[in-house]
Amino acid sequence: MKNLKTLTVAVLAISFFSFTAMIDKKVNTEQSTVKWVGKKVTGQHEGTIKLESGSLQFDGKTLIGGNFVIDMTTITVTDLEGKGKTNLEGHLKSDDFFGVEKHGKANFTITKVNKIDDKNHEVSGDLTIKNITKPINFTMEVDGNSATAKVIVDRSKFDVRYGSPSFFNDLKDKAIYDDFELSVTLSF
């Protein structure tokens, strides 16, 4: 009986220390930024989009997971003004692109993390846009209470077809490249 009590105490102690090492850090959505760049044959456009919520999970100081909700209704264009800005924002929110009326949220869940060094992590996860989920990979740098990443997303995998050379032939100078880049800065 004494051995059983000792074993129980040991298991509880190990469980307690394992559990307390896991830290869930909520992302400050007001201080965090997501900037996008979309390129076409004749140039590019850029803008921002807001996180609705997010958190990163750590085991001690090592990143082990995370989950984010992106508010697709907040897509803005920052390189245009006036009618051009309004028109492009409306087009990006339309069914031609992200269909935010039906698909107002996008999600990203970290599924695997490989630590490269003290700050850099190779992140794998599932990105959901327009109710389509696909795996993506990128490197995230974590430094103190902030993290940064450059994420390349192939829009054609999420049925975002407008002007895509993957779906339409002979677009010539009207083609919009499938890959767009997200520059993410998280504060937590």
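Everything below is about the structure shown above.
This write-up is about the structure you can find in this document. (Residues numbered from 1 in each chain as written. Predicted model: local features only at pLDDT ≥ 70, side-chain atom pairs only at ≥ 80, totals over all residues. Heavy atoms only, no water.)

**Quick notes on the nonpolar core**
Formed by 41 residues in total, the largest nonpolar core has its most connected members in Leu56, Phe98, Met140 and Leu186. The leading source of residues in this core is strand E4 (residues 62–77), at 6 residues. Non-local contacts of Leu56, meaning those with residues more than four positions away in its chain, are made with Ile23, Asp24, Lys25, Leu63, Gly65, Gly66, Phe68, Ile110, Ala147, Leu186 and Phe188. (Core = buried A, V, L, I, M, F, W, Y, C linked by side-chain atoms within 4.5 Å. Buried < 20%, exposed > 50% of the residue type's maximum accessible area, 1.4 Å probe, protein only. Helix = DSSP H or I, 4+ residues; strand = E, 2+ residues; numbered from the N terminus. Contact = heavy atoms within 4.5 Å.)

**Comments concerning the layout of surface pockets**
With a probe scaled to a water molecule rolled over the atoms, the places where space remains empty come into view. In this structure, the largest pocket encloses a volume near 790 Å³. As for the largest pocket, its lining consists of 40 residues, and the residues nearest its centre are Trp36, Gly38, Phe98, Phe180 and Leu182. With 8 residues, the single largest contributor to the lining of the largest pocket is strand E9 (residues 176–187). Partitioning the lining of the largest pocket into residue classes produces 29 nonpolar, 4 polar and 7 charged. For the second largest pocket, the calculated volume is near 200 Å³. By residue number, the principal contributor to the lining of the second largest pocket is strand E3 (residues 43–59), which donates 5 residues. Looking at the lining of the second largest pocket residue by residue, the class counts come to 3 nonpolar, 4 polar and 5 charged. (1 Å grid on protein atoms, 1.4 Å probe; cavity = no way out; pocket = protein on both sides within 12 Å on 5 of 7 lines; lining within 4 Å. Points joined across faces, edges and corners; volume = space filled by probe spheres on them. Nonpolar A, V, L, I, M, F, W, Y, C, P; charged D, E, K, R; others polar.)

**Quick notes on the side chain of Arg155**
Examined against the element boundaries, Arg155 turns out to sit in the loop between strand E8 (146–154) and E9. Polar side-chain contacts of Arg155 include one of 2.9 Å to the backbone oxygen of Ile176. Excluding its chain neighbours within four sequence positions, the residues that come into contact with Arg155 are Phe97, Val160, Arg161, Tyr162, Gly163, Ser164, Ile176, Tyr177, Asp178 and Phe180. (Polar contact = N/O pair within 3.5 Å; in protein donor to acceptor, adjacent residues only side chain to side chain.)

**Quick notes on helix H2 (residues 82–93)**
Turn by turn, an α-helix covers 3.6 residues, leaving residues three or four places apart pointing in a common direction. Relative to the 16 Å expected for 12 residues at 1.5 Å per residue, H2 spans 17 Å between its end C-alpha atoms, a close match to the ideal helical length. Among the residues of H2, those classed as buried are Leu88, Glu89 and Leu92. Mapping the buried residues of H2 onto a view down its axis gives an arc of 100°, with all of them on the same face. For H2, the exposed residues lying more than 90 degrees away from the buried face are Lys83 and Thr86. (Expected span 1.5 Å × (residues − 1). Arc of directions from axis to C-beta.)

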